[in-house]
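Observations on the model geometry
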Amino acid sequence: MKALHKINDILLLGLHSLGVHKVRSALTALGIFIGVCGVIAMLAINEGAGAEAQRTLRALGSTNIIIESRKPPQDDSKATGRSWGALNYGLTKRDVTRITGGSVPHMRRYVTVHQTKKMAYLAGKNLSISVIATDPTIAEIVRIKVQAGRFITSADMLRRKPHCVITAPLVRSLFGYENPLGKTVRIGGEPFVIVGMLSRLPQALSGEGAEATDSVIIPRTTGIDRFGELTVEVRTGSRTYERVEISRLILQMEDENAVLAAAPIIRSLLERNHDQEDYDVKVPLELIEQKKKQMFLWNVMLVTIASVSLLVGGIGIMNIMLATVVERTREIGVRRALGAKQWDIIAQFLVEAVTLTTVGGVIGIGAGISLPWLIRRYLEFPTETSVWTILLPFLMAVSVGLISGIYPAMRAAKLDPITALRHE
Amino acid sequence: MRELVSLENLWKIYPVGPGVPALKGVNLLIAEGEYLAIMGPSGSGKSTLLNLLGCLDRPTRGQYRLGGEDVSDLSDNRLSEVRNRRIGFVFQSFNLIQQLTVVENIEIPLFYSGLSRRHRHPRSREMAELVGLSDRMEHRPGELSGGQQQRVAVARALANDPLILLADEPTGNLDTHTSGEIMALFDELHSRGRTIIMVTHETHVAVHAKRVIHMLDGQIESDADAESLDTNK
Ligand SMILES: Nc1ncnc2c1ncn2[C@@H]1O[C@H](COP(=O)(O)OP(=O)(O)O)[C@@H](O)[C@H]1O
Ligand SMILES: [Mg+2]
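**Things to note about the site of ligand 1**
As a structural note, the neighbourhood of ligand 1 is formed by R422 of chain A together with Y14, V16, A22, P41, S42, G43, S44, G45, K46, S47 and T48 of chain B. Neighbouring residues of ligand 1 are not confined to a single chain but are spread across chains A and B. Residue R422 of chain A places a side-chain N or O atom 3.2 Å away from a nitrogen atom belonging to ligand 1. Backbone polar atom of S44 of chain B to an oxygen atom of ligand 1: 3.3 Å apart, as the coordinates give it. Burial of ligand 1 by the surrounding chains reaches 67%, relative to a free accessible area of 550 Å². If one sorts the elements of the shell around ligand 1 by residue count, helix α1 (residues 46–53) of chain B sits on top with 3 residues.

This is how it looks when you write it as structure tokens:
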């Protein structure tokens, strides 16, 4: 009980003497305030960027492996794959057989995607769109959510139905605000009935570029039926054709461990059978792990930078406390003469130092929380504040107070009472 | 009467240069309720003696018994406790804390003895009343006269009801009139049974005491009744 009273009293005593030097205390706390504020903002921005990146990567599916055809770097001396003015590259059906034929263990299922450019025609409007021919299982593998209507079904596949699912931006350009469901649109000269609508194409299908916002998804079999086996992309404005058999092969593995084991097998299989890098193996899980590591390094760096600012604040506090001790030598002597133990003096000065940093820290947290909010709101940059992005800077501030207060407090306590009393 | 202070062959040598001997074998017995003045020329060791009596410092050699307990070689913590509970100190320059009010100043020793705030407050008001400052309790030292400030210091020294009141030239910074007031307060405290030891070089102050010690060069030169003082000097 007695000890509790004393702690409370020493706290009040510390606050009291801070109140006496209001401007000085405020300026000292300001240093800590800026430090804490900065740490919170930096961590929030980094967390936000990281969380956004992770969200996009998770959308690709953490148990998926995506193999994409990629146009190899242009090299005319190497005429490989060139025939009749066409450039052949990318994944082939033989690649698909090699990969899905049993050499990759713990594969759950796979799906191929054939993508090509066609003209869409409706009521006088002509648009170049991207046609994606694939299996209905893609909806489960890359988590496609239908906004209206339905997705293509296995029945559509079996009967090679001219059905298509259309993305919202394309709906807007073709139909305005009319309901497109059930309407017929001509794609590459063939009539297709719109059965469903997506708000946007999932990332696993759109790739990095924004080219595929105007897209339709049709059953793979219908695609072969209407447009032939080969996925042919005509490069407009150039006389060369590009021929790609398979645009994408998406594997879904049984679990994340299987993903990590499968990735190198797939890479070496492809490497052995392709003499140029006309494919890209994307492993979202690897990217996530990489991102996590990168985030951690960033956090360490940011915290280090912030620590420097807090260190500067701490030096400021130590400086002020040392000056205070000299200024109040006489007071220390009086208190000692009246019965203060060394520990009482240490506690008094420590409380002052910690109070300074705590006040600076608390205000810093207030501003530090609103700062990310402002950044998110007005700079439209993703930020994320978690308990630790707030707690860590605060604890750092309090420790700075403790550490920078200890030396001055010890010096105060070690003063000889008589010498202190004689101090002018 | 009960013996309160017993000094036996007390030495104090300040560790400066070859060593400055400020006290050279002081022997002194003081009983409860005594009213003692220590006189002597400047540099004779009066303050050194009072600081030792007040447990602000430890003797180099010899024994100091306070209220029957040997306090010559206590730890810093224990010395602090002794100062807090058994000693009341009054300084020449008052030594009040300027930022604190009268009652807050008086509360300091109570604070270090661990008394709760609830109990400290009435006690410090009581002490302020005792020294006649009931109408100045919330004032700060800067708003008080020298005499009033010294009375606050006396109230503060007595807050924990110590065994002895020690005063080093308590009237040194005061004019004759205010000195008289402070001495009247001391006289009253003595009449109520308080043990008082004060250092002074002024005869008109020393005459208030019942016993006068003369120091010279770190030793007690004479120890006599106050009546022997030549007031005309
Ligand atoms: N802290 C100290 N360090 C060194 N010498 C001291 C110290 N305090 C006092 N002295 C010396 O001790 C002697 C006695 O001093 P003091 O007790 O203050 O005398 P008084 O109070 O009678 O004037 C003096 O010679 C003084 O210079
Ligand atoms: Mg002196």
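**A few points about the packing of aromatic side chains**
Two aromatic rings, taken as a pair, are described by how far apart their centres are and by the angle between their planes. Residue and element names in this part refer to chain A. Across all of its chains, the model carries 3 aromatic pairs over all chains by this definition. Pairing F192 with F227 gives two aromatic rings, centres 6.2 Å apart and planes at 20°, and the pair type is stacked. Here the residue F192 occupies a position in strand β9 (residues 190–198), and F227 occupies one in helix α8 (residues 220–227), the gap between them amounting to 35 residues. Assessed through its relative accessible area of 0%, F192 is described here as buried.

**Side note on the side chain of E169 of chain B**
Residue and element names in this part refer to chain B. Along the chain, E169 falls in the loop between β7 (164–168) and α6 (176–191). At 4.9 Å, K46 is the nearest oppositely charged side chain to E169, a buried residue that forms no salt bridge. Each residue touching E169, except ones within four places of it in the same chain, is listed here: K46, Q92, V199 and H201.

**Re the packing of helix α3 (residues 102–112) of chain B against helix α5 (residues 146–158) of chain B**
All names here are of chain B. At a minimum axis distance of 7 Å, the contact between α3 and α5 shows a crossing angle of 30°. Along this stretch, α3 crosses α5, giving a crossing that reads as right-handed. Residues V102, N105, I106, I108 and P109 of α3 pack against V152, A155 and R156 of α5.

**Describing the sheet that holds strand β3 (residues 35–39) of chain B**
Residue and element names in this part refer to chain B. Ordered in space as β6-β7-β8-β3-β9-β10, the 6 strands form an open sheet in which the pairing is mixed. If you trace the sheet from one side to the other, it starts and ends with β6 (87–90) and β10 (219–225), each paired once. Between one strand and the next, the sheet's axes are offset by a mean angle of 20°, whatever the strand orientation. Strand direction decides the pairing type here: β6 and β7, joined by 4 bridges, are parallel. Paired with I87 across the two strands is I164, which belongs to β7.

**Focus on the environment of R70 of chain A**
All names here are of chain A. Here R70 lies in the loop between β1 (64–69) and β2 (82–83). For R70 and Y89, which are 19 residues apart along the polypeptide, the C-alpha to C-alpha distance reads 7.5 Å. Discounting residues that sit within four places of it in the chain, R70 has contacts with Y89, E277, D278, Y279 and D280.

**A look at the domain arrangement of chain A**
Looking at chain A, the domain boundaries give domain 1 (2–56 + 290–422) and domain 2 (71–277). The gap between the C-alpha centroids of domain 1 of chain A and domain 2 of chain A is 57 Å.

What counts as what
Residues numbered from 1 in each chain as written. Chains lettered and ligands numbered in written order. Predicted model: local features only at pLDDT ≥ 70, side-chain atom pairs only at ≥ 80, totals over all residues. Heavy atoms only, no water. Near = heavy atom within 4 Å. Polar contact = N/O pair within 3.5 Å; in protein donor to acceptor, adjacent residues only side chain to side chain. Areas by Shrake-Rupley, 256 points an atom, 1.4 Å probe, with all protein chains shown as cover. Helix = DSSP H or I, 4+ residues; strand = E, 2+ residues; numbered from the N terminus. Phe/Tyr/Trp six-rings, centres within 6.5 Å; stacked < 30°, edge-to-face > 60°. Buried < 20%, exposed > 50% of the residue type's maximum accessible area, 1.4 Å probe, protein only. Lys, Arg positive; Asp, Glu negative; His and termini not counted. Salt bridge = Lys/Arg side-chain N within 4 Å of Asp/Glu carboxyl O. Contact = heavy atoms within 4.5 Å. Axes fitted to C-alpha atoms, helices over the stretch in contact; angles between N-to-C directions. Left-handed = near helix turned anticlockwise from the far one by under 90°. Pairing = 2+ DSSP bridges. Domains from an automatic or database assignment.

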